[in-house]
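# Structural features, examined
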Amino acid sequence: MRELLRTNDPTVIAFSTALLRGEDIDCFVLDVHMSVLDGSIGILPRRIMVADRDFFRARAVLRDNEVDGLVPE
């Protein structure tokens, strides 16, 4: 698995997962419940992970839709 996206914005996470699932790319959101540790103020980013084989296609999908927060290759 490779990290594709890192953001504090839950709307970006929702939009990105919808885009990826629409392209039949499996993704997994990490750190969803970490807000408990930071007092629910949202300072800890969430991450979207994809399989190694889907990384470049997933990155292209999010880049083409101008999603912010992509991690460097």
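What this report covers is the structure whose coordinates are included nearby. Residue indices follow the written sequence of each chain, beginning from 1 at its first position. It should be noted that, the model being predicted, local features are given only for residues of pLDDT at least 70 and side-chain atom pairs only at 80 or more, the latter also being counted only at that level, while totals for whole chains, interfaces and linings use all residues. Side-chain calculation: all heavy atoms of the structure are included, whereas hydrogens and water are not.

## Digging into the overall build of the protein chain
Short version of the rule: Under the scheme used here, helices are H or I runs from DSSP no shorter than 4 residues and strands are E runs no shorter than 2 residues, and both carry numbers assigned from the N terminus. We call a residue buried when its accessible area falls under 20% of the maximum for its residue type, exposed when it is over 50%, and partly exposed in between, using a 1.4 Å probe and counting protein chains only. Any pair of residues with heavy atoms lying within 4.5 Å of one another is described as a contacting pair. Under the convention used here, a 1.4 Å probe and the Shrake-Rupley method define accessible areas, while residue burial counts only the protein chains that appear.
A count of helices and strands for the protein chain gives two helices and three strands. Along the protein chain, helices (α) and strands (β) appear in the sequence β-α-β-β-α when read from the amino end. Expressed as a percentage of the 73 residues in the protein chain, the buried residues total 34%. Considering only contacts within the protein chain whose residues lie at least 6 apart along the sequence, 66% involve residues at least 24 apart. Carbon and sulfur atoms make up 52% of the accessible area of the protein chain, which amounts to about 4700 Å² in all.

## Quick look at the sheet that holds strand E3 (residues 46–50)
Definition in use: Following DSSP output, two strands are said to pair if at least two bridges run between them. For helices, the fitted axis covers only the stretch in contact; all axes are lines through C-alpha atoms, and the angles between them, taken along N-to-C directions, range from 0 to 180 degrees.
Taken in spatial order, the three strands make up an open sheet running E1-E3-E2, and their pairing is antiparallel. Bordering the open sheet on either side are strand E1 (2–7) and strand E2 (27–30), each of which pairs with just one other strand. Here the strands of the sheet are splayed against their neighbours by 25 degrees on average, with no regard to which way each runs. In the sheet, E1 pairs with E3 via five bridges, with the strands oriented antiparallel.

## Some words on the nonpolar core
To keep things clear, this is the line we draw: Only buried Ala, Val, Leu, Ile, Met, Phe, Trp, Tyr and Cys residues count toward a nonpolar core, and they belong to the same one when joined by side-chain atoms within 4.5 Å.
With 15 residues, the main nonpolar core has Leu4, Leu20 and Val50 as its most contacted residues. For this core, the secondary-structure elements that each account for two or more residues are E1, helix H1 (10–22), E3 and helix H2 (55–64). Residues contacting Leu20, with those up to four places away along its chain left out, are Leu4, Ile25, Cys27, Ile48, Val50, Ala58 and Leu62.

## What about the pattern of salt bridges?
Where we set the bar: For salt bridges, the criterion is a side-chain nitrogen of Lys or Arg within 4 Å of an Asp or Glu carboxyl oxygen.
Taken as a whole and judged by the stated rule, the model has three salt bridges. The closest approach of N and O atoms between Arg6 and Glu3, which form a salt bridge, is 2.6 Å. Among the salt bridges present, the one from Arg47 reaches Asp31, with a minimum N-O distance of 2.7 Å. Highlighted residues: Arg47 in strand E3 and Asp31 in the loop between E2 and E3, separated in sequence by 16 residues.

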